[in-house]
Amino acid sequence: MNATPSPLHPDFKLGVLGGGQLGKMLALAAGNWHLPLYVLDSSKDFPAGRVTPFFTEGNFKDYDDVYQFGRQLNVLTIEIEHVNTEALRRLEKEGVTVHPSPFQLDIIKDKGAQKLFYQKKGIPTAPFRLFENEQAVRQAAEKGELTFPFVQKTRTAGYDGRGVSVIRSAEKLAGLLPGACLIEKQVDIDKELAVIVARNARGETKAFPAVEMEFNPEANLVEFLFCPAAISPELEAKAEALATEVTVAYDICGLLAVELFLDKEGQLLVNEVAPRTHNSGHHTIDSCYTSQFEQQLRAVLNFPLGSTRMKAPSVMVNLLGAEGYTGPAIYQGLEECLAIEGVHIHLYGKAITKPFRKMGHVTIVDEDLANAKAKARKVKELLTIISGK
Ligand code: ADP
């Protein structure tokens, strides 16, 4: 067998499982180095299909599709963790470099296994118990073993809060989610933070500054993410150190997005992680020395990691499909937003909008974070995504 070509050699092949918005932005970053990105996802019409010609249509959960796609590659990475890890194991054995590894993915895909991992490694996380199904939770609650309110999370396949339910009292037990789950103590949250850490095969690590999520108090939905987080330099250093500790504990090569709770007593707890680029790192494209996408490339290709320093404070707003509209997307208010200084619009190119579907994001960069927040509110007012009749 020929030696593996160096990453910027024309014969070198880098692939990613998943061709949504994260795959698209990764392909755009790869384009700066004129590095072709091979993508596997079910339709060329997905966001990444527009920006890379090396798109294979297939299912990243299917053993054969992943294996056939992966065997032509030198390095394979992901933009979603719910992929076929059995095929990745075989690819690794056959000499393909897979980052993150199937072993790490199998832990992270399962919220229960994640929590056991933190417990074993002494990483602070909310107290929890695992259950086989909702009946077992009900029985434990009826025996008085659980204290209300508590948080129930399904072990697999939940995202954007869909696999999470807060059970406030015995009367609400009927609302338990079905299937294997974990029950967690409800944390008295002061702030929700996220830190993305990169690590390459040489063991070099770099953490991006912590991002803070701001919730709309009425809707209790994340309104925007801002950076720097409104925390003391000591807490910032602690958050970055904890996220780095988690990355090293997992032995990650690539990126790890670490979601943290800061409780009212000032303690940091790890909520969950994603071994890839993350929504909480989108602002880095416009506001940091290195974007999270370029950093993922640097990490998985074992290049020196880029500086994670901020160029300016920023606010990121997710562009969600407006309620009541499903169909071909129409963007309203783009021009007005583009007229505002520091506004960077990123549209993912999803053909169909649906209520709350992530259709794009906007990053507002401003030397003054308060100004950036005011502009972000303006953008939210002006920019709407609807559909024709
Ligand atoms: P997902 O994977 O769907 O994003 P998370 O575990 O991040 O699910 O939970 C979604 C949200 O639910 C969190 O951002 C937080 O606001 C709330 N939440 C989750 N776990 C707890 C907890 N133990 N205590 C209080 N709130 C929680």
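Refer to the preceding data block for the structure.
Asks: Help me understand the overall build of the protein in this model?
Replies: In terms of helices and strands, the protein carries 11 helices and 21 strands. On C-alpha atoms alone, the protein measures out to a radius of gyration of 21 Å, which is about the 21 Å that the 2.2 N^0.38 rule sets for 389 residues. Along the three orthogonal principal directions, the C-alpha set of the protein runs to about 65 × 55 × 50 Å. Within the protein, the fraction of its 389 residues that count as buried is 54%. Across the protein, every contact between residues at least 6 apart in sequence was considered, and the portion connecting residues at least 24 apart equals 62%. Accessible surface for the protein amounts to roughly 17,900 Å². Of this, 49% is attributable to carbon and sulfur atoms. One way to put it: in the protein the 43 positive side-chain charges average out to a point 3 Å from where the 48 negative ones average out.

Asks: Explanation requested: the pairing of strand β12 (residues 211-216) in the structure shown.
Replies: The two faces of a sheet get side chains in turn, since along a regular strand they alternate between them. For strand β10 (residues 189-199) and β12, the ladder comprises three bridges, and the chain directions are antiparallel. Paired with Leu193 across the bridge in β12 is Glu212. Of the strand pairs in this sheet, β12 and strand β13 (residues 221-227) are connected by five bridges, and their pairing is antiparallel. Of the residues in β13, the one forming a bridge with Glu214 is Phe224.

Asks: Which parts of the structure should I look at to understand a nonpolar patch on the surface?
Replies: Taken together, Leu221, Leu320 and Phe356 make up a surface patch of nonpolar side chains, about 280 Å² in accessible area. Note on placement: Leu320 falls in strand β16 (residues 314-320).

Asks: Please clarify how the side chain of Asn200 should be interpreted in this entry.
Replies: If you trace the backbone, Asn200 turns up in the loop between β10 and β11 (205-207). Of the polar contacts made by the side chain of Asn200, one reaches the side chain of Glu204; its length is 2.9 Å. Engagement of the side chain of Asn200 in a polar contact is seen with the backbone oxygen of Phe303, the distance being 3.0 Å. When near neighbours in sequence (up to four residues on either side) are disregarded, Asn200 contacts Cys253, Ala299, Asn302, Phe303, Pro304 and Leu305.

Asks: It is not clear to me how unusual backbone geometry should be interpreted in this structure. Could you clarify?
Replies: Among all residues save glycine, negative phi is the norm, and among peptide bonds the norm is trans. His99 connects to Pro100 through a cis peptide bond whose omega is -5°. Within the secondary structure layout, Pro100 lies in the loop between β5 (97-98) and α4 (102-108). Cis rather than trans, the peptide bond between Cys227 and Pro228 has omega equal to 5°. Relative to the assigned elements, Pro228 resides in the loop between β13 and α7 (233-250). The phi torsion at Phe356 lies on the positive side, around 70°, for a residue other than glycine.

Asks: Explanation requested: the packing of helix α2 (residues 63-70) against helix α3 (residues 85-93) in the structure shown.
Replies: Angle between the axes and distance between the axes are the two parameters that describe a pair of packed helices. Taken N-terminus to C-terminus, the directions of α2 and α3 make an angle of 30°; their axes are 8 Å apart at the nearest point. By the angle between their axes, α2 is roughly parallel relative to α3. The hand of the α2/α3 crossing is right-handed. Every residue of α3 that contacts α2 at Tyr63, Val66, Tyr67 and Gly70 is listed here: Glu86, Ala87, Leu88, Arg90 and Leu91. Here the residues of the contact of α2 with α3 are counted per class, giving six nonpolar, one polar and two charged.

Asks: Looking at this structure, how should I read the environment of Phe12?
Replies: Position of Phe12 relative to the elements: it lies in the segment before β1 (14-17). Classification of Phe12 by relative accessible area gives buried; the value is 3%. With 373 residues separating them in the primary sequence, Phe12 and Ile385 have C-alpha atoms 39 Å apart. Ignoring sequence-local partners within four residues, the contact set of Phe12 consists of Thr4, Pro5, Ser6, Pro7, Leu35, Asn74, Val75 and Leu301.

Asks: Quick question: what am I supposed to make of the sheet that holds strand β3 (residues 55-57) here?
Replies: Pairing between sheet strands relies on hydrogen bonds along the backbone, with the strands arranged either parallel or antiparallel. One open sheet holds the five strands; their spatial order is β3-β2-β1-β4-β5, and the pairing between them is parallel. The two strands at the open ends of the sheet, each matched to only one other strand, are β3 and β5. Across four bridges, β1 lies against strand β2 (residues 37-41) in parallel orientation. Across the sheet, residue Leu14 finds its bridge partner in β2, namely Leu37.

Calculation criteria
Residues numbered from 1 in each chain as written. Predicted model: local features only at pLDDT ≥ 70, side-chain atom pairs only at ≥ 80, totals over all residues. Heavy atoms only, no water. Helix = DSSP H or I, 4+ residues; strand = E, 2+ residues; numbered from the N terminus. Rg over C-alpha atoms; globule rule 2.2 N^0.38 Å. Buried < 20%, exposed > 50% of the residue type's maximum accessible area, 1.4 Å probe, protein only. Contact = heavy atoms within 4.5 Å. Areas by Shrake-Rupley, 256 points an atom, 1.4 Å probe, with all protein chains shown as cover. Lys, Arg positive; Asp, Glu negative; His and termini not counted. Charge placed at Lys NZ, Arg CZ, Asp CG, Glu CD. Pairing = 2+ DSSP bridges. Patch = residues over 30% accessible without salt bridge, like charges linked within 9 Å, V, L, I, M, F, W, Y side chains within 5 Å. Salt bridge = Lys/Arg side-chain N within 4 Å of Asp/Glu carboxyl O. Polar contact = N/O pair within 3.5 Å; in protein donor to acceptor, adjacent residues only side chain to side chain. Axes fitted to C-alpha atoms, helices over the stretch in contact; angles between N-to-C directions. Parallel < 35°, antiparallel > 145°, perpendicular 65-115°, else oblique. Left-handed = near helix turned anticlockwise from the far one by under 90°. Nonpolar A, V, L, I, M, F, W, Y, C, P; charged D, E, K, R; others polar.

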